[in-house]
Amino acid sequence: MRSVTYSMGVSLDGYVVGPDGTFDWTVPDEDVFRFWIDEIRDVGVHLMGRRLYETMLYWETADQNASLDDAELEWAALWNPLPKVVFSTTLSAVQGNARLASDGLAEEIERLRAEPGEGDIAIGGATLAAEAAASGLIDEYRAVVHPVLVGGGIPFFPRSERRVDLELVETRTFSSRVVYLRYRVAR
């Protein structure tokens, strides 16, 4: 069965977006960007909310930008054909290899898990991940922890009354002092 993963950049104090709405502190260096490229290779479908979808729209035409380096072109070549499911109540259409979700998150994940296919079901965006976590749908949490304290904003982990035990699967420290932590949900 396909795993559901939640992977994002996060501040050391646990936020994916700071109190001012920015996440400029998550801009990856070459090492971290290469990691994200390798990570996306294992994704079969990417689920996201409207805000992340709109942020990632840049990549739909980025490959036409002559100033992109080889790594950015490689990312675009992997990202663009990747199937994406967008959860939004305000969008009426999406671009590229994306479709608007027709069901709720739990139903969509259940359908994707039942379909033949390879690669993880990746969830992007803290709000969507919070909904998946509340329903016990996340199999792995993957945090790319940046050495910064932002003091508030949108948390990586939702506030929850539910305990979730995790098993450490992998760690990695990058030259930029960014640390990758991969945890599997203990079931």
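Caption draft 1: Summary view of the nonpolar core. Core analysis: the biggest nonpolar cluster contains 27 residues, and Y6, L47, I123, I138 and F156 have the highest contact counts within it. Breaking this core down by element, the ones donating at least two residues are β1 (4–11), β2 (15–17), β3 (43–49), β4 (84–87), α5 (105–114), β6 (120–124), α6 (126–134) and β7 (140–146). The dominant element in this core, judged by the number of residues it contributes, is α6, at five residues. F33, W79, A98 and Y180 belong to the second-largest nonpolar core, a separate cluster that totals 25 residues.

Caption draft 2: Structural view of the pattern of salt bridges. Scanning the model with the defined rule gives 16 salt bridges in all. Ionic pairing is found between D165 and R163, a salt bridge with its closest N-O pair at 2.8 Å. For D165, a relative accessible area of 39% corresponds to the partly exposed category. Beyond isolated ion pairs, a larger network of salt bridges with shared partners links E39, D120, E140, R142, E170, R182 and R184.

Caption draft 3: Geometry of the pairing of β6. Most of β6 is tucked away, with five of its five residues classed as buried. As paired strands, β1 and β6 are joined by three bridges and run parallel to one another. Residue pairing in the sheet places T5 in a bridge with A122 of β6. Pairing geometry for β3 and β6, over five bridges, is parallel. What sits directly across from L47, in β6, is I123.

Caption draft 4: Broad picture of the side chain of D139. Position of D139 among the secondary structure elements: in the loop between α6 and β7. Overall, the relative accessible area of 14% leaves D139 in the buried class. At a separation of 2.7 Å, a polar atom in the side chain of D139 contacts the main-chain amide nitrogen of V4. In this structure the side chain of D139 is engaged in a polar contact, spanning 2.4 Å, whose partner is the side chain of R113. The contact partners of D139, leaving out residues within four places of it in the chain, are R2, S3, V4, R113, Y183, R184, V185 and R187.

Caption draft 5: Structural detail: the packing of aromatic side chains. Across all of its chains, the model carries 12 aromatic pairs by this definition. Taken together, a centroid distance of 4.4 Å and an interplanar angle of 15 degrees make the contact between Y6 and F156 stacked. Note that Y6 is positioned in strand β1 and F156 in the loop between β8 (154–155) and β9 (166–173), a separation of 150 residues in sequence. The same class applies to Y6 and to F156, which are both buried. Taken together, a centroid distance of 4.6 Å and an interplanar angle of 80 degrees make the contact between F156 and F157 edge-to-face. Note on F156: relative accessible area 1%, which makes it buried. Among the aromatic residues, those joined into a ring-pair cluster are F33, Y58, W59, W75 and W79. In this arrangement the basic side chain of K84 is found over the ring face of W79, its NZ or CZ atom lying 4.9 Å from the centre.

Cut-offs used in this document
Residues numbered from 1 in each chain as written. Predicted model: local features only at pLDDT ≥ 70, side-chain atom pairs only at ≥ 80, totals over all residues. Heavy atoms only, no water. Core = buried A, V, L, I, M, F, W, Y, C linked by side-chain atoms within 4.5 Å. Buried < 20%, exposed > 50% of the residue type's maximum accessible area, 1.4 Å probe, protein only. Helix = DSSP H or I, 4+ residues; strand = E, 2+ residues; numbered from the N terminus. Salt bridge = Lys/Arg side-chain N within 4 Å of Asp/Glu carboxyl O. Pairing = 2+ DSSP bridges. Polar contact = N/O pair within 3.5 Å; in protein donor to acceptor, adjacent residues only side chain to side chain. Contact = heavy atoms within 4.5 Å. Phe/Tyr/Trp six-rings, centres within 6.5 Å; stacked < 30°, edge-to-face > 60°. Lys NZ or Arg CZ within 6 Å of the ring centre and 35° of its normal.

Scope: geometric values only; no functional claims are made or implied.
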